[in-house]
Each structure stands twice: as C-alpha cells, then as structure tokens.
Amino acid sequence: MSQSTESTTESNPFTKPGFIIAAALVVALIAATIVIFLLPKGQGNAQPAPPSGEPTGSVAATPSASAGAEASVCGLPSSSETALGAAPETTWELVGTMAAPTDPKVGPGKTDDQGIRSCFAHTPTGALYAAVNLWALGSDPSKERAIAEQLVAKGIGRDAGMKAPQTATPSSSVKIQIAGFNVSYTSTQAVVELAFKADNGALASVRTNLLWQDGDWKGVVADNGAPLEEPRQVRDLSGFIPWSGA
C-alpha cells in the first residue's frame, strides 16, 4: 500500500475498521448498538436492502392491512399521507451522543425509566423520528438489550439478537450526527434513508427499515440479527433532504 493511500485511509474515519457508529438496528449488534461504517469488503454480515426500498427481513409475518390499522400505543395521530417532502420543524434533544428529534404530536410519546424512547405517530414523519431516535439511543451502549427487546420487530432476527452475548463497544473520538433523510412509506412499512455527518465533515448513509407493529414503529433486521444494509460513504447530501439538530 502506498503512503498516500495509507494517509487517505487514516484521515477518513468511515474507511477505518476502528470507526464505529451507534446503531439501533443491529440486533446482535443493535443489541450491541454499533455498526462499523464501511467495513472492509467481505468482513460484514449485513444483507443489502432491496432496490425497491421495501423493508424485508426477520419479521414474524407479512404485514396485513389490519396490522397497519393498529392504533398508536400512546394515542398519537395517524394520517393518510405517504410522503414527506420537506424537513419538519422540531425540537432536538441530546440522546447519548446524538441529537434526536422530539415533538408532542409525533413522538416519542413514551420514555421509560431506562431512557428508551418509543411510540411514534403512524405517519411518514413518525417513521422518520422513530428511525433517528433508534440510532441516537444506540449511541449509549448501556441500552443495547433494552433496545433489542423493545424496539425491534418480532421475528427470527430479534430472537437471534436477544440470544447474542453483549458486545464490547470500542471507544471512538469521532462523533456523528444526522445530516439529512429520505422516507419511503406505506401504512405498514417504511424505509428511512439517513445521511450522517462526522465531526470532520465525512458523510455516510444507511437505510433503516421499519415495520408498524403493535402500535409503533419497530426496526427490521435480517434473520441473523444483522442490519439489512451496511452504511456507505457518500460525497455530499445530493438527493437528501437536509435536516440536523447539531
């Protein structure tokens, strides 16, 4: 490897195996609440998200119309909207090391004594808030088991994650925050693609798959508990709706 290549790799945290991001959608790791940004090829267990943008993975069964009709567990509103074309105005709160959105009409509608934030509106905005709050919660490794238990869709992947041993969380001086989003939405499923920005300016994105289950948005994982898609490096925020709280 040339010196210039080594220097480039060293300067970009998203290409370093040691760089991790708290991730609430990795059950053996969502449990472990970490995901490695751009693992060297061949070292990741993630399965790519489908090109159509529709969630797949370890859900108990194909969601039905009645599942999509379940009322919010904390009484938040639903809507017939299926798109989110602009960044919502919101209040941001620091959750772990990441800023997360909060709104009394969108969620989180519940925060338990472990700090787990749940119950989001049955709307495209609610799905967006749920996804961002999942990632923010994952920045606190002490919440890994509670995240897997409460915020992951029931199915084989969740079961695998619950049985997995707790994963040690390497330390990292690099901090990341939400920088933008896209939402693909139906009443039963949503795919939220989030752009992240590191404090040195590097950018990456990952799709978060959600299922409306038991009156709330739940994260979907592969049958082995791994994420459906690894994060990927991006050059800029082209194609994303800019949105950030830090």
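Residues numbered from 1 in each chain as written. Predicted model: local features only at pLDDT ≥ 70, side-chain atom pairs only at ≥ 80, totals over all residues. Heavy atoms only, no water.

Let us now look at the nonpolar core. The biggest cluster of nonpolar side chains holds 37 residues, and the ones touching the most others in it are Leu128, Phe181, Val192, Leu194, Phe196, Leu210 and Trp217. Those elements that provide at least two residues to this core are strand S4 (98-102), helix H3 (124-137), helix H4 (144-151), strand S7 (176-185), strand S8 (189-198) and strand S9 (203-213). Here the element with the most residues in this core is H3; it accounts for 10 residues. (Core = buried A, V, L, I, M, F, W, Y, C linked by side-chain atoms within 4.5 Å. Buried < 20%, exposed > 50% of the residue type's maximum accessible area, 1.4 Å probe, protein only. Helix = DSSP H or I, 4+ residues; strand = E, 2+ residues; numbered from the N terminus.)

Time to look at the confidence of the model for the protein chain. Looking at the protein chain as a whole, its pLDDT mean stands at 73, while 65% of the residues score no less than 70. The least confident element of the protein chain is strand S1 (residues 20-22), whose mean pLDDT is 30; the most confident is strand S12 (residues 241-242), at 97. Here residues 1-67 is modelled with pLDDT under 50, and outside its nearest four sequence neighbours on either side it reaches 181 contacts, counting other chains as well. (pLDDT = per-residue confidence, 0-100. Contact = heavy atoms within 4.5 Å.)

This structure, assessed with the given rule, holds 2 salt bridges. In this structure, the salt-bridge partner of glutamate 93 is arginine 117, at a minimum N-O distance of 3.0 Å. Taken together, the residues glutamate 93 in strand S3 (residues 91-95) and arginine 117 in strand S6 (residues 117-118) connect sequence positions 24 residues apart. Relative accessible area serves as the criterion here: at 34%, glutamate 93 is assigned to the partly exposed category. (Salt bridge = Lys/Arg side-chain N within 4 Å of Asp/Glu carboxyl O.)

This paragraph deals with the pairing of S4. With 5 of 5 residues buried, S4 is to be regarded as a mostly interior element. Here S4 shows a buried face lined by Met98, Ala100 and Thr102 and a second buried face lined by Ala99 and Pro101. As judged from the 5 bridges shared by S3 and S4, these two strands associate in the antiparallel manner. Across the sheet, the residue bridging to glutamate 93 is alanine 100, located in S4. The turn linking S3 back onto S4 is made up of 2 residues, and glycine 96 within it adopts a positive phi angle of 65°. (Pairing = 2+ DSSP bridges.)

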